[in-house]
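Below are the chains, spelled out letter by letter.
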Amino acid sequence: MLASVRSAALIGIDAYDVIVEVDAAPGLPQWTIVGLAAGAVKESRDRVGAALLNSGFEVPPRRITVNLAPADVRKEGSAFDLPIAVGILVATGQLEAGALLDRMFVGELGLDGRLRAMRGALSVARHALRQKVAALVLPGGNVPEASRASALVLSAPENLNELVRQLRDGMLQPAAGRSESLRPSGDDTDFVDVVGQQAAKRALEVAAAGGHNVLLIGPPGAGKTMLARRMPTILPALSEEEALEVIAIHSVAGVLDHTTLGTGIRPFRAPHHTISSAGLIGGGPLPRPGEVSLAHQGVLFLDEMLEFPRHVLDGLRQPMEDARVVIARALHAVSYPARFTLIGASNPCPCGLTGDGHHGCNCAPGDIERYRARLSAPLADRIDMHVVVGAVALNELSGKSTGDTSATIRARVEVARIQQRRRFAKFKGISCNAFANGRWLDSHTPVSREARTLLQNAAERLRLSARGYHRVLKVARTIADLAEVTEIGVQHIGEALRYRPATRSHDVEIRAS
Ligand SMILES: [Zn+2]
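Residues numbered from 1 in each chain as written. Predicted model: local features only at pLDDT ≥ 70, side-chain atom pairs only at ≥ 80, totals over all residues. Heavy atoms only, no water.

Draft legend 1. Examining the overall build of the chain more closely. The helix and strand tally for the chain stands at 21 helices and 18 strands. Based on the C-alpha atoms only, the size of the chain along its principal axes is roughly 85 × 45 × 45 Å. Relative to its 513 residues, the chain shows a buried fraction of 51%. Taking as baseline every contact in the chain between residues at least 6 positions apart, the subset at least 24 positions apart corresponds to 74%. For the chain, the exposed surface amounts to about 22,700 Å²; the carbon and sulfur share of it is 52%. Separation of charge centres in the chain, based on 59 positive and 53 negative side chains, amounts to 4 Å. (Helix = DSSP H or I, 4+ residues; strand = E, 2+ residues; numbered from the N terminus. Buried < 20%, exposed > 50% of the residue type's maximum accessible area, 1.4 Å probe, protein only. Contact = heavy atoms within 4.5 Å. Areas by Shrake-Rupley, 256 points an atom, 1.4 Å probe, with all protein chains shown as cover. Lys, Arg positive; Asp, Glu negative; His and termini not counted. Charge placed at Lys NZ, Arg CZ, Asp CG, Glu CD.)

Structure below.
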């Protein structure tokens, strides 16, 4: 007979309905699976066959045909093991078809019949909730994330045997431990640990408040990494909707960290400069989210930014522009969200000692020029703030930090964010100054006469492009928001001008001294 089991598959981070049809007909014993990606067919057949036999069920010698509809989309992954196994049990008369009514099944099977965790469970759960299924049957390891779709009934039997027993009894056990693993992480990094560096801390506060991309420039050992790592501690907590998006992306990528799941702390990703383009942006034969998507709603930190191959760095331009990554495939395009704050760190020159008062730099001007040019102009254009991080003086190092705690800084950041949310309320997807249209902001934000004059004079003197001009204005807007001031004043423009990108090789040297 023909069995039909509800399941789901993923495109990007969205799930869609898949119906697993199983037919067991008399004939030569053989399995055909239609609708799975080629490589997955044999593996699935072997796993499901072994799981059924090892769980004490029969696999009668029939001609078994499995169709994963819609068949024209090649599905990858092992999450169809469970629906295929259940379908075979119905098709071979070992389980009543009525037991499956309105229920959705996903999960990989171990050879012993155990249910094993899958990628993308939250996406499937949210889809199941929208489709109003009576229950989602899934592996126990996926319950903590799937239970974020809170109104959905989940069932997570240990193995195939337990599931079939419950289905035969007509009573699915609701999954236990729905939220046990949603504990805050023990991460206790704090800005108060950073000695000195008041100017850099201030710059990161501005960046956090306005969502601005930052390049930290300074010699090795100045504490650039230490500063960047503390950025998530001053960013506002994720909203529930943002958190769901972040969990869904990390789950699809198979890197979900259960200890940070419920905390609302924004992601911080720090890929090494040897990363491939596909690793950073996303892609591969089976498309996966890249680091830019794993950093969605959080921070992408590129240490030694100029050591990344230029073509890899230039791949950042499109996601930075569109806040998402689109990976084209033969049959369909996969898209992943990628709205992140970029923090780059770089030495000022190849030897790293430019601007360091204690040591001399022997780099030739041409070498410095070539080094800086690794950051292409279009990418540099998308970095609102360039911040010089000097070496900490010895007498400062021995002293205790006198700076604010992360909680105090975050409170100020949140105030600034509230003003921005109000300002951009009618623009979908824009929550802070960094993402605003420069021209719109220019005509919709009050600027004092003196501040306007200062900005215009600076623009002329520094030959700022329109983009450069708007960049200064956006940063000044954020600085005024932090001060809870409606009108941008001279001091706000003045500070914003200090963060303007260095365009000539000796700029950093001059500003650092
Ligand atoms: Zn040097």
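From this point, the narrative continues.
Draft legend 2. Inspection of the coordination of the zinc ion at higher detail. Protein coordination at the zinc ion: the donors are Cys-349 (SG), Cys-351 (SG), Cys-361 (SG) and Cys-363 (SG), at 2.2 to 2.4 Å from the metal. Each of the four donor atoms around the zinc ion contributes to a set of angles spanning 102 to 114°, which defines the coordination as tetrahedral. Linear spacing of the donor residues for the zinc ion on their chain is C-x1-C-x9-C-x1-C. The class for Cys-363 is buried, based on a relative accessible area of 17%. (Donors = N, O, S within 2.8 Å, 3.2 Å for Na, K, Ca; no water. Tetrahedral: all angles 85-135°; square planar, octahedral: opposite > 155°, others 65-115°.)

Draft legend 3. Spotlight on the pattern of salt bridges. By the definition in use, this model includes 23 salt bridges. Here Arg-126 ties to Glu-241 by a salt bridge, and the two come within 3.1 Å at their closest N and O atoms. With Arg-126 in helix H3 (residues 121-130) and Glu-241 in helix H8 (residues 240-253), this pair connects stretches of sequence that are 115 residues apart. A salt bridge links Glu-495 to Arg-202; the shortest N-O distance between them is 2.9 Å. Taken together, the residues span a long stretch of sequence, with Glu-495 in helix H20 (residues 490-498) and Arg-202 in helix H6 (residues 198-210) at a distance of 293 residues. What makes Glu-495 buried here is its relative accessible area of 9%. (Salt bridge = Lys/Arg side-chain N within 4 Å of Asp/Glu carboxyl O.)

Draft legend 4. Seen up close, the pairing of strand S1 (residues 2-11). Bridge count between S1 and strand S2 (residues 14-25): ten bridges; the pairing is antiparallel. Across the sheet, Ala-8 pairs through a bridge with Asp-17, a residue of S2. Hairpin connection from S1 to S2: two residues lie between these consecutive antiparallel strands, with Gly-12 at a positive phi of about 65°. (Pairing = 2+ DSSP bridges.)

Draft legend 5. Geometry of unusual backbone geometry. In this structure, Pro-70 follows Ala-69 across a cis peptide bond, with omega equal to 0°. Residue position: Pro-70 is located in the loop between strand S4 (63-69) and helix H2 (81-91). The phi torsion at Lys-132 lies on the positive side, around 55°, for a residue other than glycine. Relative to the elements of secondary structure, Lys-132 occurs in the loop between H3 and strand S8 (135-137). Classification of Lys-132 by relative accessible area gives exposed; the value is 71%.

Draft legend 6. Structural view of the nonpolar core. By size, the foremost hydrophobic cluster in this structure holds 46 residues, and its most contacted members are Leu-204, Leu-216, Met-231, Ile-343, Met-385, Val-387 and Tyr-499. By residue number, the principal contributor to this core is helix H19 (residues 466-482), which donates eight residues. Once you skip the residues sitting within four places of it in the chain, Leu-204 turns out to touch Phe-191, Val-214, Leu-216, Leu-227, Ala-228, Met-231, Ile-234 and Ile-343. Listed in part, the 43 residues of the second largest apolar core include Leu-36, Phe-80, Leu-160 and Leu-172. (Core = buried A, V, L, I, M, F, W, Y, C linked by side-chain atoms within 4.5 Å.)

Draft legend 7. Fine view of the side chain of Ser-376. By secondary structure assignment, the location of Ser-376 is in the loop between helix H13 (365-372) and helix H14 (377-380). In this structure Ser-376 comes out as buried when scored by relative accessible area, which is 2%. Of the polar contacts made by the side chain of Ser-376, one reaches the side chain of Asp-314; its length is 2.7 Å. Look past the residues within four positions of Ser-376 in its chain and what remains in contact with it is Arg-310 and Asp-314. (Polar contact = N/O pair within 3.5 Å; in protein donor to acceptor, adjacent residues only side chain to side chain.)

Draft legend 8. Highlighting the packing of aromatic side chains. Inspection of the entire model under this criterion finds three aromatic pairs. Between Phe-424 and Trp-440 the ring centres are 5.9 Å apart and the planes differ by 50°, which places this aromatic pair in the tilted class. Placement of the pair is Phe-424 in the loop between helix H16 (406-423) and helix H17 (438-444) and Trp-440 in helix H17, with a sequence separation of 16 residues. Pair check on accessibility: Phe-424 and Trp-440 agree, each one buried. With a centroid separation of 5.0 Å and 80° between ring planes, the pair formed by Phe-427 and Trp-440 is classed as edge-to-face. With Phe-427 in the loop between H16 and H17 and Trp-440 in helix H17, this pair connects stretches of sequence that are 13 residues apart. Ring-pair connections join several aromatic residues into one group, and the members of that group are Phe-424, Phe-427 and Trp-440. (Phe/Tyr/Trp six-rings, centres within 6.5 Å; stacked < 30°, edge-to-face > 60°.)

Draft legend 9. View of the sheet that holds strand S11 (residues 268-269). In spatial order, the strands read S11-S14-S17-S10-S18; together these five strands make up an open sheet with parallel pairing. Each end of this open sheet is capped by a strand with a single partner; those strands are S11 and strand S18 (385-388). Sheet topology note: the strand S10 (residues 214-217)/S18 ladder contains four bridges and is parallel. Paired with Leu-215 across the strands is His-386, a residue of S18.

Draft legend 10. The arrangement of the side chain of Asn-142 in detail. Its place among the elements puts Asn-142 in the loop between S8 and helix H4 (143-146). A relative accessible area of 2% means that Asn-142 is categorised as buried. Residue contacts for Asn-142: discarding those within four places in its chain leaves Ala-117, Met-118 and Ala-121.

Just geometry here; none of it tells us what the structure is for.
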